[in-house]
Amino acid sequence: MSSTTLSPENQALLERFSDGKVLGLARAITVVENERAGFQELLHTVMARGPQAKRVGFTGPPGAGKSSLVAAVATEYRKLEEYLGVVAVDPTSPYSGGALLGDRIRMNDISTDPGIFIRSMATRGSLGGLATTTKEVVDLMDAFGFDRVLVETVGVGQTELEVTAAADTVVVVLVPESGDAIQAMKAGLMEIADIFVVNKADRPGAPRLVKELRQALHLRAGSALRDIPAHHGVDLGRVMKEERTTSAPPTEAEGWSVPVLTTNALTNEGVEELVDTISEHRAWLEQSGELEQRRRSRAASRSRDVVDREMRRVAWSSDEVRGLLARGVDQIASGGGTPYSAADAILGSLLR
Ligand SMILES: Nc1nc2c(ncn2[C@@H]2O[C@H](COP(=O)(O)OP(=O)(O)OP(=O)(O)O)[C@@H](O)[C@H]2O)c(=O)[nH]1
Ligand SMILES: [Mg+2]
C-alpha cells in the first residue's frame, strides 16, 4: 500500500488534511466512518509517520461527568496553547457526527474555540468494544497533528475497557452514585485505570469512595493485605484475588502507583491537579518504556481488527461463499445439516 494508490479524490483530500485544514480532517473522518472507497489506503498514508499525539482516555459510567471534565481539562490545555482533538463515543446515541455534544453544558464553552476540534460518534451497537472505526478516527486525529487527543467513552460493558486500545493514559471517572470500589474492581476498572478521578466531589459519599479506591489499589499492589477491614461483609483481599483477570504485574511494581483524585467539573476544583497528574503519567510512560509497550500492543490489536474486518468482507462478498451458505441452509432445512457443517464447507472453500 502506498499513497500512489490513492484516488484523485482522496489525493486532494490528503493534501488538505496534510495542510492542517480542519475541513480536510472532517472529510477524512467521513470517508473512514462510511468506509468509502480507498479509506484504508488513506489511513495507511496518514498513519505511516507513527503516533505523535498524547492520547488521554476518559471513561466511566453514564452521567459521571466525563464530558464536563473533558471540557474543563481541555480548557486547561488551551491555556497551555495545546492544539486539541476530542472524540466522544456514545454507545447509545443513534447520531454520529457532532450533534450530540452541542447539547452538553460544558462542551458548549469549548466548541467554538478554533484550537479544539470535537467529534462525537456512535459506536454502532458494537457492544463488544470500541468500534474499529472509532479507533481509526482517533488515529486520524493523531495523524492530523493535534498535540493531544482526548477520548471520552461511556462505560458500558467492554467499551470502557477498550479505551486502552485508543489511549496512552486512561482516566477512570467515578462518582459517589456509581457504586463502591468493589463494583469498580468487578468491572475491571482497576486493570485499566492509570488515574482514578472521583468527580462530583461536592456530593456526599465522595470521600468514602476515595478511601475505598485507595485501599483497593493498595491491595492490588500486593501490600497491606492485613489491615484492611472487611467491607460490606466481603473480604476485599479475597475479592481482588478472584477478580484479577490479567497477569499484569501489580501497578506499583511497574513504577506507577495509580492516584485517586477528586474533582468538581463544574467549579474546576481539582482540574489543575488532574492535568498535572496526566503530565506526570506521560513522563513515566516515556521514561519507563511503557509508552512503547502500549503502542506496540495497540498496533497489534489494530492490525487484528483490520484483518478481522477484511476477512469478513472477503468472505461474505464472495459468490462462492454465498452459494455455499445457501446450500448449507438448504441442508439444514431438509435435515441432517447444521450451522457447523455449513460453516465447515465455507471455511474449507476460503482456506483452500
Ligand atoms: N454536582 C456536580 N455535577 C456535575 C459535576 N460534573 C458534572 N456534573 C453534572 O452531571 C451531569 C452529567 O455530566 P456529563 O458531563 O454530561 O456526564 P457524562 O459522564 O459525560 O455523561 P454521558 O456522556 O451521558 O455518560 C450534568 O448535569 C453535569 O452538569 C460535578 O463535579 N458536580
Ligand atoms: Mg458525555
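Preceding this section is the structure that the text describes.
**Description of the overall build of the chain**
Then step 1. Across its full length, the chain carries 15 helices and seven strands.
Then step 2. Of the contacts formed within the chain by residues at least 6 apart in sequence, a portion of 77% connects residues at least 24 apart.
Then step 3. Surface exposure of the chain reaches about 17,200 Å², of which carbon and sulfur atoms provide 52%.

**A short note on the coordination of the magnesium ion (ligand 2)**
Then step 1. The protein atoms donating to the magnesium ion (ligand 2) are Ser67 (OG) and Glu152 (OE), with metal-donor distances spanning 2.1 Å. Of the two residues, Ser67 is situated in helix α4 (residues 66-79) and Glu152 in strand β4 (residues 148-154); the sequence distance between them amounts to 85 residues.
Then step 2. You can call Ser67 buried: its relative accessible area is 9%.

**Regarding the site of ligand 1**
Then step 1. Residues in close proximity to ligand 1 total 18 residues, the closest being Gly65, Lys66, Ser67, Ser68 and Asp202.
Then step 2. Measuring from an oxygen atom of ligand 1, one finds a side-chain N or O atom of Asn264 at 3.1 Å.
Then step 3. Starting from 660 Å² of accessible surface for ligand 1 in isolation, the protein chains cover 80%.
Then step 4. Within the residue set of the shell around ligand 1, elements represented by two or more residues are α4 and β4.
Then step 5. The element that contributes the greatest number of residues to the shell around ligand 1 is α4, accounting for three residues.

**Here's the deal with the side chain of Thr133**
Then step 1. Inspection of the secondary structure puts Thr133 in helix α6 (residues 132-144).
Then step 2. We classify Thr133 as buried; its relative accessible area is 7%.

**A look at the packing of aromatic side chains**
Then step 1. In this structure the tally under the stated criterion is five aromatic pairs.
Then step 2. Residues Phe17 and Phe144 carry aromatic rings whose centres are separated by 5.2 Å and whose planes lie at 75 degrees to one another, so their mutual orientation is edge-to-face. Placement of the pair is Phe17 in helix α1 (residues 8-18) and Phe144 in helix α6, with a sequence separation of 127 residues.
Then step 3. We classify Phe17 as buried; its relative accessible area is 5%.
Then step 4. Overall, Phe144 belongs to the buried group, its relative accessible area being 8%.
Then step 5. Each member of the aromatic cluster is reached from another via a ring pair, and the members are Phe17, Tyr83, Phe117, Phe144 and Phe146.

**Some remarks on a negative patch on the surface**
Then step 1. On the surface, Glu272, Glu273, Asp276 and Glu280 cluster together into a patch of negative charge.
Then step 2. Position of Glu273 among the secondary structure elements: in helix α12 (residues 271-288).

The rules behind these values
Residues numbered from 1 in each chain as written. Chains lettered and ligands numbered in written order. Predicted model: local features only at pLDDT ≥ 70, side-chain atom pairs only at ≥ 80, totals over all residues. Heavy atoms only, no water. Helix = DSSP H or I, 4+ residues; strand = E, 2+ residues; numbered from the N terminus. Contact = heavy atoms within 4.5 Å. Areas by Shrake-Rupley, 256 points an atom, 1.4 Å probe, with all protein chains shown as cover. Donors = N, O, S within 2.8 Å, 3.2 Å for Na, K, Ca; no water. Buried < 20%, exposed > 50% of the residue type's maximum accessible area, 1.4 Å probe, protein only. Near = heavy atom within 4 Å. Polar contact = N/O pair within 3.5 Å; in protein donor to acceptor, adjacent residues only side chain to side chain. Phe/Tyr/Trp six-rings, centres within 6.5 Å; stacked < 30°, edge-to-face > 60°. Patch = residues over 30% accessible without salt bridge, like charges linked within 9 Å, V, L, I, M, F, W, Y side chains within 5 Å. Salt bridge = Lys/Arg side-chain N within 4 Å of Asp/Glu carboxyl O. Lys, Arg positive; Asp, Glu negative; His and termini not counted. Charge placed at Lys NZ, Arg CZ, Asp CG, Glu CD.

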